[in-house]
Amino acid sequence: MSRFCSACCVLSISTVASAATTLTNLGSLGGVSYGCGISGDGLTAVGNANNSLAFRWRQPTGMVALGAGTAMATSFNGSIAVGTNNYYGGGTAVRWDATGTMHSLGVSSQTNGWSGAYGVNGDGSVIVGTVVNGTSARAFRWTATSGAVLL
């Protein structure tokens, strides 16, 4: 995964049929923004703005703050975003639903630990990430049925 830093985010979409690339200025929320993920249909981007706000960008609404943190990935149609609720570490793995409401994934970490969600499947039903406790890191898999399960 790479991060693109600038005064504003830019979305690049290529189409195979025309081999053309379109750049779209995603705007900003008053400072530096970077994109972390794009939906499978190419219509939604997620990332971090001002080093503290997760955002979701869509053509009709533009860049919308989701709350504190960083959105790292999004489902195929952009309805579910995942990430962490604190950009600077010490955060908790979260998901934002289609309305922008943040939900903790319930990944436990001990003192000085943190967790983050870094991937989501096409329909948003399976989320993966990392939980760190001190010097130990483990992957997790989350579903609504089983919750977070350490791998």
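Residues numbered from 1 in each chain as written. Predicted model: local features only at pLDDT ≥ 70, side-chain atom pairs only at ≥ 80, totals over all residues. Heavy atoms only, no water.

Structurally, aspartate 97 is set in the loop between strand 10 (93-96) and strand 11 (102-104). Note on aspartate 97: relative accessible area 17%, which makes it buried. With 31 residues separating them along the chain, aspartate 97 and leucine 66 place their C-alpha atoms 9.8 Å apart. Contact partners of aspartate 97, with chain neighbours within four places excluded, come to Arg56, Ser79, Ile80 and His103. Side chain to side chain, aspartate 97 and histidine 103 meet in a polar contact 2.9 Å long. (Helix = DSSP H or I, 4+ residues; strand = E, 2+ residues; numbered from the N terminus. Buried < 20%, exposed > 50% of the residue type's maximum accessible area, 1.4 Å probe, protein only. Contact = heavy atoms within 4.5 Å. Polar contact = N/O pair within 3.5 Å; in protein donor to acceptor, adjacent residues only side chain to side chain.)

To continue, consider the environment of glycine 69. Checked against the element boundaries, glycine 69 lands in the loop between strand 7 (62-68) and strand 8 (70-74). Assessed through its relative accessible area of 0%, glycine 69 is described here as buried. Sequence separation between glycine 69 and glycine 91 is 22 residues, and the spatial gap between their C-alpha atoms is 7.9 Å.

Another point: the pairing of strand 10. Of the two faces of strand 10, both are covered, the one formed by Ala93 and Arg95 as well as the one formed by Val94 and Trp96. In this sheet, strand 10 lies alongside strand 9 (residues 81-84) in antiparallel orientation, the contact comprising 4 bridges. Bridging from a neighbouring strand, valine 82 pairs with arginine 95 of strand 10. What sits between strand 10 and strand 11 in their antiparallel hairpin is a turn of 5 residues, with glycine 100 showing a positive phi close to 90°. (Pairing = 2+ DSSP bridges.)

Another point: the sheet that holds strand 12 (residues 114-120). The sheet built from 4 strands is open, its strands ordered 12-13-14-15 with antiparallel pairing. Each edge of the sheet is formed by a strand with only one pairing partner; in this case those strands are strand 12 and strand 15 (147-150). For this sheet, the mean inter-axis angle between neighbouring strands, taken without regard to orientation, is 30°. Pairing of strand 13 (residues 127-133) with strand 14 (residues 136-143), which is carried by 7 bridges, proceeds in the antiparallel orientation. Across the sheet, residue asparagine 133 finds its bridge partner in strand 14, namely serine 136. (Axes fitted to C-alpha atoms, helices over the stretch in contact; angles between N-to-C directions.)

Pairing within the open sheet is antiparallel, and its 4 strands lie in the order 8-9-10-11. Looking at strand neighbours, the two that pair on one side only are strand 8 and strand 11, the edges of this open sheet. Each strand of the sheet is rotated relative to its neighbour by a mean of 35°, with strand direction disregarded. One ladder, built from 4 bridges, connects strand 8 with strand 9; its direction is antiparallel. By the bridge assignment for strand 9, threonine 74 is matched with alanine 81.

It is worth spelling out the pairing of strand 6 (residues 53-58) at this point. It is a general feature of regular strands that their side chains alternate between the two faces of the sheet. Note: strand 5 (residues 44-49) against strand 6, 6 bridges, orientation antiparallel. Note on strand 6: the bridge partner recorded for alanine 45 is tryptophan 57. If you look at the hairpin formed by strand 5 and strand 6, you'll find 3 residues sitting between the two strands, and asparagine 50 has a positive phi there, around 60°. When strand 6 meets strand 7, the two strands line up antiparallel, connected through 6 bridges. Counted as the bridge partner of arginine 56 is valine 64 from strand 7. Adjacent in sequence and paired antiparallel, strand 6 and strand 7 are bridged by 3 residues.

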